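Chains, contacts and geometry: an overview
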Amino acid sequence: MSQTPSESAAARHAQLAAAWQRLQQRVAAACTAADVDPQAVRVIAVTKTFPAADVAHLRELGLVDFGESRVAELVEKASAAAASGPGATWHFVGQLQTNKVRDVARWADVVHSVDRARLVTALDRAATAAGRRIAVLAQVSLDADRGSGRGGVPPEELPELAARIAESKSLDLRGVMAISPRDPQQRPAAFDLLTGLVSQFRSNHPAATWLSAGMSGDLEEAVAAGATHLRVGRDLLGYRPPLG
Ligand SMILES: *Cc1c(COP(=O)(O)O)cnc(C)c1O
């Protein structure tokens, strides 16, 4: 017996509701363990590869922050969400080519993955042309292997990149973003490095207090390192086939 569309929508809603409840408990436990105020930590639902219907379910459950890593998916889901009412905040978290900044400037409220001067220039120009202000995080690479393909400016170039963003016309520098190493054994050293970089960064940019770090696999470590924004995909939405 197959389900009717409304039965399967109800089943998916219930599944996401249960996952959201478990995730909130997991984040709360991480905050308690790290002696962090839970109010200081936000969860961004990374909905990449999942349909706009899932965004609608999550909005009904009270989530407001959504993340995408590909421009086409950002445009599709942010425009669908806007059509169904205001109040969602869209975070672009993926690597961004300068030839795609127009769509991002139009649909993203926050860009986490700004990692080079040319991108600052292009995104600033596109935001100005669109008449929008965009919140921006400087992405720093914690990978010893520069060719990891996960983006991020080398740590020694973070101050220069942050200064560029701070000088821009339509971008608001909000903080730092990082992706921790895939190998769990490399994470403690990477989070130590990040903590030091963030403390230096904040001495130059005291108002830029966001730290976007932590995903399904490392959110406890990220909370302990002072993350203010967790980007969670699989732990909330379920299994996702690897992106090509
Ligand atoms: C996909 C993605 C996430 C979410 O990862 P999960 O392991 O599914 O929680 C977070 N950040 C970025 C940059 C991503 O591309």
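To be clear, the structure that these remarks concern was listed above.
Residues numbered from 1 in each chain as written. Predicted model: local features only at pLDDT ≥ 70, side-chain atom pairs only at ≥ 80, totals over all residues. Heavy atoms only, no water.

Consecutive side chains of a regular strand alternate in pointing toward one face of the sheet and then the other. Of all seven residues in strand β6 (residues 171-177), five are buried; the element is thus mostly enclosed. When strand β5 (residues 134-139) meets β6, the two strands line up parallel, connected through six bridges. Residue Leu137 lies in a different strand from β6, and its bridge partner there is Gly175. Alignment of β6 against strand β7 (residues 210-212), held across three bridges, turns out to be parallel. (Buried < 20%, exposed > 50% of the residue type's maximum accessible area, 1.4 Å probe, protein only. Helix = DSSP H or I, 4+ residues; strand = E, 2+ residues; numbered from the N terminus. Pairing = 2+ DSSP bridges.)

Quick look at the site of the ligand now. Taken together, Val46, Lys48, Val93, Ile179, Met215, Ser216, Arg231, Val232, Gly233, Arg234 and Arg240 form the complete shell of residues around the ligand. Side-chain polar atom of Arg231 to a nitrogen atom of the ligand: 2.8 Å apart, as the coordinates give it. Here Gly233 contributes a backbone N or O atom positioned 2.9 Å from an oxygen atom of the ligand. In isolation the ligand exposes 390 Å². Once the protein is present, 92% of that is buried. A class-by-class count of the residues in the shell around the ligand yields five nonpolar, two polar and four charged. (Near = heavy atom within 4 Å. Polar contact = N/O pair within 3.5 Å; in protein donor to acceptor, adjacent residues only side chain to side chain. Areas by Shrake-Rupley, 256 points an atom, 1.4 Å probe, with all protein chains shown as cover. Nonpolar A, V, L, I, M, F, W, Y, C, P; charged D, E, K, R; others polar.)

This next bit is on the environment of Cys31. With respect to the element layout, Cys31 can be found in helix α1 (residues 5-34). You can call Cys31 buried: its relative accessible area is 1%. In this view, Cys31 contacts Val36, Pro38, Val41 and Val223; residues no more than four positions away in its chain are not counted. (Contact = heavy atoms within 4.5 Å.)

With that out of the way, let us pick up the pattern of salt bridges. In this structure the tally under the stated criterion is 12 salt bridges. Measuring nitrogen to oxygen at the nearest pair gives 3.0 Å for the salt bridge that ties Arg132 to Asp109. Residue Arg132 is located in the loop between α5 (117-130) and β5, and its partner Asp109 is located in the loop between α4 (101-107) and β4 (110-114); the two are separated by 23 residues in the primary sequence. When its relative accessible area of 22% is taken as the criterion, Arg132 is described as partly exposed. Between Glu221 and Arg187 there is a salt bridge, with its nearest N and O atoms 3.6 Å apart. Of the two residues, Glu221 is situated in helix α8 (residues 219-224) and Arg187 in helix α7 (residues 187-204); the sequence distance between them amounts to 34 residues. Taken together, the shared-partner salt bridges connect Arg26, Glu220 and Asp235 into one network. (Salt bridge = Lys/Arg side-chain N within 4 Å of Asp/Glu carboxyl O.)

Here we take up the nonpolar core. Counting 68 residues, the largest nonpolar core has Val104, Val111, Val140, Ile165, Leu194, Leu230 and Leu236 as its most contacted members. Per-element accounting of this core gives the leading share, seven residues, to α1. When residues no more than four places from it in sequence are discounted, the contact partners of Leu194 are Val140, Leu142, Val176, Ala178, Leu211 and Ala213. (Core = buried A, V, L, I, M, F, W, Y, C linked by side-chain atoms within 4.5 Å.)

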